[in-house]
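# What the coordinates show
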Amino acid sequence: MKKKVTPLKVCVMLAISNTLITLLVIAVLSLAGKTQINTWQIFLIALLVFGASYTVTYLIIKKYILQKLIQIYKAIQHKGKSKNMLMSKNVFEQTSQDVSKWAKELDEEVQTQTQLANYRRLFIGNFSHEIRTPIFNIQGYIDTLIDGAMDDDNVREKYLNQASKNVTRLISIVEDLTTISKLEYNQVVMNITEFDLIPVIYDIFDELALKAEEFEIELKLDSHGHNFFTVKGDKMAIRQVLSNLLLNSIKYGKTKGKTTVNLLDMNTYAIIQVTDNGIGIEEKHLGHLCDRFYRVSTSRSRTAGGTGLGLAIVKHILEAHNQSLSISSNYGKGSTFAFQLEK
Ligand SMILES: Nc1ncnc2c1ncn2[C@@H]1O[C@H](COP(=O)(O)OP(=O)(O)OP(=O)(O)O)[C@@H](O)[C@H]1O
Ligand SMILES: [Mg+2]
């Protein structure tokens, strides 16, 4: 094992070697008959030399070496290192360890900040891109109305309706973002209760019936023989998760397709799967689907409309339940989105 060299040990070693040298000089002088001192005097001299050497070395180390190290510690903002503490440690090794640790932490901090800055830049870019279209649309309709279309009965109502649709779209983007940021900052307290998932799912089916009809998608629930399917979670939040997944299965489904919600009872927990036989997702996109504003660029995505916030909300809600979303897909054949809940 490597021996620890501390400033204190250096002081003691120097004091001992100075004392030994002094004793050697006295012995040589005595043998040469140049001096005659008794044992007590020798002992006293040894003690004095030891004390003086120790004190001088201690003060020199403290003043010239530790002073510098303390400055280094101040620079790296490492609190709680005093000169006295450092005296009993292997200062050079300790300082080099502390400085490397600090450099590593600093490096990590810089990386995190760079990632955050990139994320913010990307977010602002995506956000402005998303809101630009409805804003320009609204401006277009209003300008056309002001420029004379107001007097044309046929277009007036149509343009006002279009402007109103775009306002609704803006509101929904802002609402989705507000939900995400509240979930991210843990401002939403999940109201965990036990509830039956089956009526919740049928309620969402009713809500999406028109949309499903429009895309000719059949919505089906398979509870595997259960009349009740009780889970623990925030009812409204889980409703939103299922609603977002089901809406996606319709938007990215194929005409005359089918979406099945499977409820699997695993005794202590439940697995909820939403499976569609829609357009599917290429593997390279799977890891990004829950990123804000991430949309797979297909002609279907463009016509389906959306902001790319739905799955980000799903992810955050599930995280607030200490769960995650698992996604598997067969490109061109369909996808399954699944998560667990406590029972
Ligand atoms: N069931 C699915 N089948 C195929 N692709 C899907 C499916 N669900 C999601 N995706 C892809 O993942 C992308 C992200 O989905 P997400 O729900 O986050 O956003 P969105 O549906 O585009 O918009 P929003 O939900 O905010 O209205 C979609 O644009 C789509 O490309
Ligand atoms: Mg969606």
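Computed from a predicted structure; not experimentally measured. (Residues numbered from 1 in each chain as written. Chains lettered and ligands numbered in written order. Predicted model: local features only at pLDDT ≥ 70, side-chain atom pairs only at ≥ 80, totals over all residues. Heavy atoms only, no water.)

Attention now moves to the packing of aromatic side chains. As enumerated under the stated definition, the model contains 6 aromatic pairs in all. Pairing Y54 with Y58 gives two aromatic rings, centres 6.1 Å apart and planes at 20 degrees, and the pair type is stacked. Separated by 4 residues within a single helix, Y54 and Y58 lie in helix α2 (residues 39-75), roughly one turn from each other. Ring-pair connections join several aromatic residues into one group, and the members of that group are F123, F127 and F293. Sitting over the face of the ring of Y64, K63 holds its NZ or CZ atom 5.3 Å from the ring centroid. (Phe/Tyr/Trp six-rings, centres within 6.5 Å; stacked < 30°, edge-to-face > 60°. Helix = DSSP H or I, 4+ residues; strand = E, 2+ residues; numbered from the N terminus. Lys NZ or Arg CZ within 6 Å of the ring centre and 35° of its normal.)

On to the site of ligand 1, then. In the vicinity of ligand 1 lie 21 residues, with N248, Y252, R295, L309 and L311 positioned nearest. Within the backbone of T307, one N or O atom sits 3.0 Å away from an oxygen atom of ligand 1. Here an oxygen atom of ligand 1 and a backbone polar atom of L311 are 2.8 Å apart. Relative to its unbound accessible surface of 590 Å², ligand 1 loses 94% to contact with the protein. Put simply, the parts of the chain that give the shell around ligand 1 at least two residues each are α7 (235-251), α10 (310-320) and β7 (334-342). (Near = heavy atom within 4 Å. Polar contact = N/O pair within 3.5 Å; in protein donor to acceptor, adjacent residues only side chain to side chain. Areas by Shrake-Rupley, 256 points an atom, 1.4 Å probe, with all protein chains shown as cover.)

Let's shift gears to the pairing of strand β5 (residues 269-276). Relative to β5, strand β4 (residues 257-265) runs antiparallel, the two sharing 7 bridges. When the bridges of β5 are listed, V261 appears paired with V274. The antiparallel pairing of β4 with β5 creates a hairpin that spans 3 residues between the two strands, and N267 there sits at a positive phi of about 70 degrees. (Pairing = 2+ DSSP bridges.)

Phi angles above zero are rare outside glycine, and H224 is one such case at about 50 degrees. With respect to the helices and strands, the residue H224 is situated in the loop between β2 (217-222) and β3 (230-234). Using a relative accessible area of 43% as the deciding quantity, one classes H224 as partly exposed. The phi torsion at N322 lies on the positive side, around 60 degrees, for a residue other than glycine. Residue class for N322 comes out exposed when judged on its relative accessible area of 70%. (Buried < 20%, exposed > 50% of the residue type's maximum accessible area, 1.4 Å probe, protein only.)

We now examine α10. All buried positions along α10 are accounted for by L311, A312, I313, V314, H316, I317 and L318. Phi turns positive one or two residues past the end of α10, at N322, with a value near 60 degrees.

Moving on, we come to the pattern of salt bridges. Between side chains of opposite charge, a pair can form as their charged atoms come close. Here the structure, examined in full by the defined rule, presents 9 salt bridges. Between E130 and R169 there is a salt bridge; the shortest N-O distance is 3.9 Å. In this pair, E130 is assigned in helix α4 (residues 91-146) and R169 in helix α5 (residues 153-184), connecting sequence segments 39 residues apart. Since its relative accessible area comes to 16%, E130 is described here as buried. The shortest N-O distance in the salt bridge between R292 and E184 comes to 2.6 Å. Here E184 lies in helix α5 and R292 lies in the loop between α8 (283-286) and α9 (299-304), a separation of 108 residues in the sequence. Here the salt bridges do not stand alone but share partners, grouping D203, E207 and R239 into one network. (Salt bridge = Lys/Arg side-chain N within 4 Å of Asp/Glu carboxyl O.)

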